Every structure is written in structure tokens, then in C-alpha cells.
Amino acid sequence: MSSTLFTTLLLYITLCPLLSSVASLHCPNQCKCDDEKLDINCEEGHLDVLPIALNPSIERLVIKNNKIRTIDSSIHFYTQLTLIDLSYNQLFTIPEKTFQYQRKLQQLHLNHNKIGNISNKTFIGLSELAVLNLRGNLIDTLDAKAFMSLSNLEELNLGQNRIMKIHVNAFDGLENLKILYLDDNILGGIPSMSFSPMSKLAELYLGVNSLLKIDAGTFKSLPELTKLDIRGGMIMNISYDAFKGIEQLKSLNLADNRFTRIPTEAFSSLTRLEDLFLGQGEFEIVPAYAFIGLKHLKRVDMTGSNKLRVVKDGAFSKNVNLRSVSIASNRVLGVIEGNAFLGLAFLKHVNLRGNALTTIFESWFSWNELDSLDISDNPINCDCEVVRVIQTIFPSNKITLLNNTLCASPDPLRGLPLSDLSYDMLGCAYLNSRESDLIGITLVIIAAVITATFLIIFRFRARIKEALKRSWDAKCFQTSEFQRPYHKASSEEDFLPRQSNFYSYNINSTLSFYPHLESPQQNLPSPQLYSPVTPLPVTEL
């Protein structure tokens with residue numbers, strides 16, 4: 001032990017009783033010293049060094065927004081500390097072994113300083129530390145085993161630094177780490193090889209880096225991960241197996257990235273996902289079954305996109321547990337198809353504010369179940385369909401949800417709240433919901449009958465064809481029988497015309513053969529009796 005350190009400890013032991021009795025008399029200006037709670041608060045003061053004449057039994061030391069440039073040996077006097085907050089100062093370096101006597105320290109906040117380097121000796125002695133906040137400093141490299149002495153650390157914040165390089169063994173010793181912030185740095189890729197020691201990690205923040213892609217199995221060494229935030233990562237490609245190994249994930253934030261389509265295949269393995277954020281994306285369409293496999297999904301947020309144009313029918317059809325949907329501030333989103341939200345019986349909160357929607361569809365929601373709805377700042381065309389939804393579909397006790405939604409057209413109704421619309425304003429024919437339902441049911445029945453008839457004809461087409469053929473053949477046979485010439489059986493009448501002709505033209509010769517007849521008319525029949533017989537028409541037979 002050096003002579004300087006020995007002298008400091010000797011002075012501490014000598015002065016400790018005296019300092020304890022007069023602690024309140026040495027409380028620095030603009031500080032609040034509470035000897036009962038053992039709490040010292042020196043926020044927004046003008047301190048440039050740590051005060052030495054404080055109660056050595058203090059447990060919480062908060063010296064924020066001051067001008068402290070280094071942590072000197074005076075910190076050794078306060079061995080009972082559980083929290084040190086030196087954030088928003090001007091710290092440039094932390095000498096090695098500065099905290100070696102803070103065996104009880106649980107929280108150390110050094111955020112928003114100018115610290116440029118840490119090593120594996122910086123945090124020696126902090127065996128009980130649970131929270132280390134280094135956010136907003138100038139750290140550019142994480143060396144091997146930089147946090148080796150922090151075996152009980154649960155939260156490490158390294159966000160808003162200049163980290164470009166992370167050694168593969170940088171996080172060795174952090175077996176109990178639960179939360180890691182690496183967001184807003186200069187990382188060119190996800191340091192997946194460095195994650196191996198942190199098997200208990202539950203939350204990982206990697207946003208605002210130049211990541212570009214997520215490869216297969218990137219997070220496979222983090223099986224207990226439940227929250228992953230990669231917003232603003234410039235990601236263009238997401239592998240099919242990008243999220244393999246983190247099936248316990250419940251929250252995923254991929255907002256403000258550059259992939260041009262929703263990575264449905266990659267999402268499908270996240271069967272326990274509940275919250276999904278995809279706002280400010282580059283995709284133009286939300287297709288049907290975009291989130292298939294996410295059966296526990298409760299919240300979807302797609303806010304602030306400059307390219308999203310269409311939400312297709314069935315986009316959320318497999319997400320029956322959705323409670324909240326936000327598709328807001330998408331300036332070119334003009335179409336959300338009528339069945340886009342079909343089947344979402346538990347949907348409670350919907351935000352469609354600030355899009356380019358011109359109408360409202362009755363089929364969008366289970367209107368009675370909604371607790372909040374925002375469709376304001378859309379160019380709604382207040383036509384008869386919109387009036388019908390407002391007057392007959394929207395629950396009267398929830399009409400106030402539309403108070404901030406105004407008509408954009410037609411001109412006479414511009415600026416009128418949708419909640420004030422009526423049929424008379426547009427001269428719309430009133431058709432209540434019951435009548436509409438009856439018409440709908442009737443049309444369905446007619447369509448069903450036509451379809452059934454067609455199916456029956458199609459099913460028995462061979463038999464029907466055969467029956468028609470037999471019927472046609474029978475008809476043709478019958479017709480040919482009727483048109484056949486009629487032949488009457490021979491009788492004496494068949495010869496009457498010939499006999500008549502014989503008597504008409506050979507009467508003189510006949511008389512010559514019968515000289516005994518006195519007169520030609522004596523015993524012969526009348527000529528009319530033997531006049532030619534006219535055949536009966538076929539139709540009279």
C-alpha cells in the first residue's frame with residue numbers, strides 16, 4: 001500500500017468521529033444534506049471537486065450538473081455508499097481502482113461526461129454493482145474483459161458513445177446481465193460473437209447504428225431475450241432465420257429502417273411476440289397475412305412512413321389477439337381495404353390519424369368493442385356510405401370518438417364534424433341496419449341457390465345429357481311416324497272411282513253388251529252415286 005493511501009486512511013480513521021458529529025456544519029453551499037436519510041444532493045451547483053467534509057456514513061451521493069473533472073481519492077472516505085450519481089459533469093478519465101473500497105455500491109451513474117476510455121481495472125472492487133450508466137460519453141472501443149469484475153451487474157448502458165469496435169471477449173464476466181444498451185454508436189454490424197457470455201440477457205438496444213442487415217442466427221446465444229430494439233439501424237436485409245433462437249421475444253422494434261417489404265418469414269418464428277414496431281419503413285404495402293404466426297401479437301405500430309400506400313384485406317387475419325393498432329401519419333396511405341381488420345374481436349384502440357383516407361368502411365371493426373378511435377386529419381369524403389356508418393353502425397354512446405374528425409368534402413360540409421352528419425344533409429335514402437341485413441341475407445340466399453343449382457347440374461351433367469338425348473330421339477321418332485303416308489286397307493270403295501269412270505266414259509259400249517235393257521237409265525245407279533271419292537286428309541284420320 002502506498003504512503004499516500006496509508007496517510008489518507010489514517011486521516012479518515014482519525015477524523016471520522018469528529019466529521020460524523022459536525023457533518024451538517026460542513027454541507028457545501030447549494031447542497032442538501034439529510035443526515036437521517038444519509039442522502040447528499042448537490043445538483044446544479046458549481047463544484048469542481050468531490051467534497052471531503054461530508055458525513056462518512058452517507059449512502060446516496062448525487063452531484064449532478066456540476067463541473068467535476070476527475071474523481072480523486074476523496075471518494076475513499078465514503079465506504080457505505082450504495083449510489084453515486086456524477087452525471088452531467090466534465091469527467092475525462094476514471095483512474096484505475098478508483099472504486100475499490102465501494103464494496104456496497106449498487107448504482108454508478110457516470111453518464112453524459114467526456115470519458116473516452118475504460119479498462120479491465122476501472123471498476124475493480126464493485127462486486128455488488130447492479131447498474132452502470134456510461135451513456136453519452138466518448139468511448140470508442142471496448143477492450144477484452146473490460147467489465148470482468150462486475151459479476152453481479154444487471155444493467156449496462158453504453159448508448160450514445162462512439163463505439164466502433166467491440167472485442168469478442170469484451171463482455172466476459174457479465175453472466176447476470178439483463179439489460180444492455182449499445183444504441184446510437186458507430187457499429188458497422190451486430191457484434192453477435194460478443195454476446196455469448198450474456199445468456200441471461202433480456203433486453204438489447206442496438207438502434208441508430210449502421211447495421212445494414214441481420215444475418216441468420218445473430219441472436220442465438222441470447223435465449224432469454226424478450227425485448228429487441230433496432231430502430232434506425234439502416235437495415236435493408238433480414239435473413240429468414242434472423243431471429244432463430246430468441247423465440248421468447250415479446251417486443252421487437254424495427255422502426256425507421258430500409259427494408260422494402262415486411263419480413264413475414266422472419267417474423268413467423270416469434271410465436272410469443274406481443275409488440276411490433278415498423279413505423280417509418282420503406283415498404284409500400286401491408287399484404288394479406290403479413291404477420292402470420294404471431295398469434296399472441298397485441299400491438300402493432302406502423303407510424304410515420306412516407307411510402308406506405310395500401311393495407312390489404314386480411315392483413316391481420318391471423319392476429320386475433322390484437323388490442324391496439326396504430327397506422328398513423330402515413331401521408332400517402334389512401335387505402336385500407338374493407339376487410340383489413342377482419343376477425344379482430346378484441347381490438348380496443350385504433351389510431352388512423354393523419355393518413356390520406358377518404359372513407360370509412362363498416363366492415364373495418366367490431367364497432368361496439370372499440371374504446372378509442374382516431375381518424376382525424378384524413379380527407380374524409382362525407383358521402384351516404386359514411387353517413388350510414390355514423391348513423392346506423394357507430395354506437396351512439398361512443399360518437400364522441402369522432403368529434404375531432406372533420407369532413408374534407410363535399411364543399412358544403414367541409415369542416416363539419418362527422419359526429420354531426422345526418423341523412424338529410426346529403427339527401428340519402430335511409431336504410432336501417434335491419435333492412436340492410438335482410439337485403440344482404442336475401443342476396444346471399446339467392447347466390448347460394450344459384451351456386452347449388454350450378455353445382456348440381458355440373459355434378460350430374462352426364463345423366464342430364466343422356467336424358468335429354470333420349471327425350472329428343474323419342475320426339476324425333478314420334479314425328480316421323482305421324483308424317484308417314486296413310487294406307488287404307490283395300491275394299492270395294494277403292495274401286496268405286498274406277499267404276500264411275502267406266503260408266504261415265506263407256507256407257508254406250510256397256511249398253512251394247514246388255515241389249516235386254518230397255519233404257520240406259522233403267523237399272524243403273526245415278527251418276528252422282530259413283531262420283532270420284534275424294535281422299536280424306538291425313539289430319540282427319
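Placed above this text is the structure.
The structure reproduced in this document is the subject of the present report. Here the residue index of a chain counts from 1 through its sequence in written order. Predicted model: local features are reported for residues with pLDDT of at least 70 only, side-chain atom pairs are reported and counted for 80 or more only, and whole-chain, interface and lining totals are derived from all residues. To get the side-chain values, take all heavy atoms of the structure and skip hydrogens and water.

1. Structural notes on the nonpolar core
Nonpolar side chains in soluble globular proteins generally cluster together in the buried interior. Nonpolar core, defined: a set of buried Ala, Val, Leu, Ile, Met, Phe, Trp, Tyr and Cys residues in which side-chain atoms within 4.5 Å join the residues together. Between buried and exposed lies partly exposed: a residue is buried under 20% and exposed over 50% of the maximum accessible area for its type, with that area taken using a 1.4 Å probe on protein chains only. Among the nonpolar cores identified, the biggest contains 122 residues, and Phe 147, Phe 219, Phe 243, Phe 291, Phe 316 and Phe 341 are the most heavily contacted of them. Looking at this core, the elements that each hand over two or more residues are α2 (264-267) and α3 (384-393). Every helix listed is a DSSP run of H or I at least four residues long, and every strand listed is a run of E at least two residues long, numbered separately from the N terminus. Examining the composition of this core, we find that 5 residues originate from one element, α3, more than from any other. Here, two residues are considered to be in contact whenever any of their heavy atoms come within 4.5 Å of each other. With near-sequence residues (within four places) excluded, Phe 316 lies in contact with Phe 291, Val 300, Met 302, Val 311, Leu 322, Val 325, Ile 327, Ala 340, Phe 341 and Leu 344.

2. Notes on α3
For an α-helix, the turn length of 3.6 residues means that residues three or four places apart are oriented alike. Burial within α3 is extensive, with 7 of its 10 residues counted as buried. Among all positions in α3, only Val 386, Val 387, Arg 388, Val 389, Ile 390, Thr 392 and Ile 393 are buried.

3. Re the sheet that holds strand β21 (residues 335-336)
Strand pairing in a sheet relies on backbone hydrogen bonds, with the paired strands running either antiparallel or parallel. What the 3 strands build is an open sheet, ordered β17-β19-β21; its pairing is parallel. Edge positions in the open sheet fall to β17 (285-286) and β21, since each of these has one partner strand only. As judged from the 2 bridges shared by β17 and strand β19 (residues 310-311), these two strands associate in the parallel manner. Across the sheet, residue Ile 285 finds its bridge partner in β19, namely Val 310. Strand pairing requires that DSSP identify at least two bridges connecting the strands.

4. Some remarks on the pattern of salt bridges
Within this document, salt bridges are pairs made up of a side-chain nitrogen of Lys or Arg and a carboxyl oxygen of Asp or Glu, the two lying within 4 Å of each other. Evaluation of the coordinates by the stated rule reveals 13 salt bridges. Linking Lys 213 and Asp 215 is a salt bridge whose minimum nitrogen-to-oxygen distance equals 3.8 Å. According to the relative accessible area criterion, Lys 213 is partly exposed, its value standing at 44%. Between Glu 265 and Arg 261 there is a salt bridge; the shortest N-O distance is 3.3 Å. The exposure class of Glu 265 is partly exposed, given its relative accessible area of 35%. Taken together, the shared-partner salt bridges connect Arg 353, Asp 374 and Asp 377 into one network.

5. Digging into the packing of aromatic side chains
Any two of the Phe, Tyr and Trp rings considered here, Trp counted by its six-membered ring, make a pair once their centres fall within 6.5 Å; the pair's planes then place it as stacked at under 30 degrees, edge-to-face at over 60, or tilted in between. Tallied over the entire structure, the rule returns 14 aromatic pairs. Between Phe 316 and Phe 341 the ring centres are 5.7 Å apart and the planes differ by 5°, which places this aromatic pair in the stacked class. Residue Phe 316 is located in the loop between β19 and β20 (324-326), and its partner Phe 341 is located in the loop between β21 and β22 (349-351); the two are separated by 25 residues in the primary sequence. The exposure classification of Phe 316 matches that of Phe 341, with both residues buried. On the numbers, 5.7 Å between centres and 50° between planes, the contact of Trp 364 with Phe 365 is tilted.

6. Some words on the state of the cysteines
A pair of sulfur atoms, both from cysteines and within 2.5 Å, is called a disulfide here. Per the counting criterion, the structure on display carries 4 disulfides. Disulfide pairing places Cys 384 opposite Cys 428 at an S-S distance of 2.1 Å. Around the S-S axis, the bridge from Cys 384 to Cys 428 shows a dihedral of about -85° and counts as left-handed. In this pair, Cys 384 is assigned in helix α3 and Cys 428 in the loop between α4 (423-426) and α5 (433-459), connecting sequence segments 44 residues apart.

7. Quick notes on a nonpolar patch on the surface
Candidate patch residues must exceed 30% relative accessible area and have no salt bridge, after which like charges are joined if within 9 Å and Val, Leu, Ile, Met, Phe, Trp or Tyr side chains if within 5 Å. We get accessible surface area from the Shrake-Rupley algorithm with a probe of 1.4 Å; when it comes to residues, only the shown protein chains can shield them. Together, Ile 456, Ile 457, Phe 460, Ile 464 and Leu 468 make up an exposed nonpolar region whose accessible area comes to about 460 Å². Elements with a contribution of two residues or more to the nonpolar patch: α5 and α6 (461-483). Tracing the backbone shows Leu 468 in helix α6.

Fair warning: the whole summary comes from geometry, so function is off the table for now.
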